[in-house]
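# Analysis of the macromolecular model
Residue strings, one per chain:
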Amino acid sequence: NFKYLIDHREAFIQSLGKKKIDNKLYSIYYNRLSYILKGYDKKSKVEDVVHMKKEIEPYKLEKKKELLACIKITEAYMEKDVKGLYASCKKGFKLFHDDEAMNIAFPVLKYLNSEMKEKNKFQELVNLLLANIENESLKEYLVVIMIMSVALAMDAFAVAITLGMDGLAHTVRDRLKVSI
């Protein structure tokens, strides 16, 4: 139980080590936030995200900056605050790498692409995200998905599924073959 882990964090750190407990807490919060952004969690409200921020404030988590950035992005996304979301992404995207970046970026970029008037600012966010992705296959994948989602007016998830995001295709070229 997550609440039990939070309430007895120090005892768990003593027996399992700080890094292991910090990583577990990060993973739980991050997964919950990414589920909210992806639309899987329809019950959570902005107040729940604000509460998460208050919960983690006292802890010196290894990836606290990343988690706080993700919370800020999720908060702005849920409030449909385009300017705040852009500003949060501009700061937060610098902290995310590879799978982390992809999980946070898809729903946020889809929303911003449809809502932002200044397309150059949108492109700036995509470039910022690409600069932090180390896996070349993920970089190619992000570019293809963003281009197709804009060109076909499909959401990024539909494009990802079309391109074989089921894990069976290992390169962008293979994914494109799957989608044809």
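Everything discussed here concerns the structure shown above.
Now for a quick tour of the structure.

Take the pattern of salt bridges next. Considering all chains together, one arrives at seven salt bridges under this definition. Its salt-bridge partner being Glu-10, residue Arg-9 comes within 3.3 Å of it at the nearest N-O pair. Take Arg-9: its relative accessible area is 6%, and that puts it in the buried class. The structure contains a network of salt bridges with shared partners spanning Arg-9, Glu-10, Lys-18 and Asp-22.

Before going further, it helps to examine the environment of Leu-112. Summarising the element assignment, Leu-112 is placed in helix H7 (residues 98–115). Under the relative-accessibility criterion, Leu-112 is labelled buried at 0%. Setting aside residues up to four positions removed in sequence, Leu-112 forms contacts with Val-82, Leu-85, Tyr-86, Cys-89, Phe-122 and Leu-125.

What follows covers the side chain of Thr-74. By the secondary structure assignment, Thr-74 is in helix H5 (residues 64–78). Relative accessible area serves as the criterion here: at 0%, Thr-74 is assigned to the buried category. Setting aside residues up to four positions removed in sequence, Thr-74 forms contacts with Leu-33, Ile-36, Leu-37 and Val-49.

H7 packs onto helix H6 (residues 82–92) with a crossing angle of 130 degrees between their chain directions and a minimal axis gap of 11 Å. Taken together, the axis directions place H6 and H7 in an arrangement best described as oblique. For H6 against H7, the interelement crossing comes out left-handed. Where H6 approaches H7, its residues Val-82, Leu-85, Tyr-86 and Cys-89 are matched on the opposing element by Val-108, Tyr-111, Leu-112 and Glu-115. Looking at the contact of H6 with H7 residue by residue, the classes come out as seven nonpolar, no polar and one charged.

Right, let's talk about the packing of aromatic side chains for a bit. Evaluated as defined, the whole model comprises four aromatic pairs. Aromatic pair Tyr-4 and Phe-12: ring centres 6.1 Å apart, planes at 80 degrees, arrangement edge-to-face. Judged by its relative accessible area of 47%, Tyr-4 falls in the partly exposed class. The ring of Tyr-77 carries the charged tip of Lys-80 above its face, separated from the ring centre by 5.6 Å.

Core analysis: the biggest nonpolar cluster contains 48 residues, and Leu-85, Phe-93, Val-108 and Leu-112 have the highest contact counts within it. Considering each element in turn, this core owes the most residues, nine residues, to H7.

In this section: the state of the cysteines. Two cysteines whose sulfur atoms are joined by a covalent bond form what is called a disulfide. Inspection of every chain in the model, using the stated rule, returns zero disulfides. Its sulfur unpaired, Cys-70 is 9.8 Å from the next cysteine sulfur, which belongs to Cys-89. Exposure remark for Cys-89: the relative accessible area of 0% places this residue in the buried category.

This part takes up unusual backbone geometry. Unusually for a residue other than glycine, Lys-80 sits at a positive phi of about 55 degrees. Position of Lys-80 relative to the elements: it lies in the loop between H5 and H6. Among the residues examined, Lys-80 registers a relative accessible area of 52% and is labelled exposed.

Attention shifts here to helix H4 (residues 46–56). Among the residues of H4, those classed as buried are Val-46, Val-49, Met-52 and Ile-56. Seen along its axis, H4 keeps its buried residues to an arc of 115 degrees; they face one direction. Across from the buried face of H4, at angles greater than 90 degrees, the exposed residues are Glu-47 and Lys-54. Packing partners of the buried residues in H4 comprise helix H3 (18–38) and H5.

Calculation rules
Residues numbered from 1 in each chain as written. Predicted model: local features only at pLDDT ≥ 70, side-chain atom pairs only at ≥ 80, totals over all residues. Heavy atoms only, no water. Salt bridge = Lys/Arg side-chain N within 4 Å of Asp/Glu carboxyl O. Buried < 20%, exposed > 50% of the residue type's maximum accessible area, 1.4 Å probe, protein only. Helix = DSSP H or I, 4+ residues; strand = E, 2+ residues; numbered from the N terminus. Contact = heavy atoms within 4.5 Å. Axes fitted to C-alpha atoms, helices over the stretch in contact; angles between N-to-C directions. Parallel < 35°, antiparallel > 145°, perpendicular 65-115°, else oblique. Left-handed = near helix turned anticlockwise from the far one by under 90°. Nonpolar A, V, L, I, M, F, W, Y, C, P; charged D, E, K, R; others polar. Phe/Tyr/Trp six-rings, centres within 6.5 Å; stacked < 30°, edge-to-face > 60°. Lys NZ or Arg CZ within 6 Å of the ring centre and 35° of its normal. Core = buried A, V, L, I, M, F, W, Y, C linked by side-chain atoms within 4.5 Å. Disulfide = S-S within 2.5 Å. Arc of directions from axis to C-beta.

By themselves, these observations are geometric and do not establish any function.
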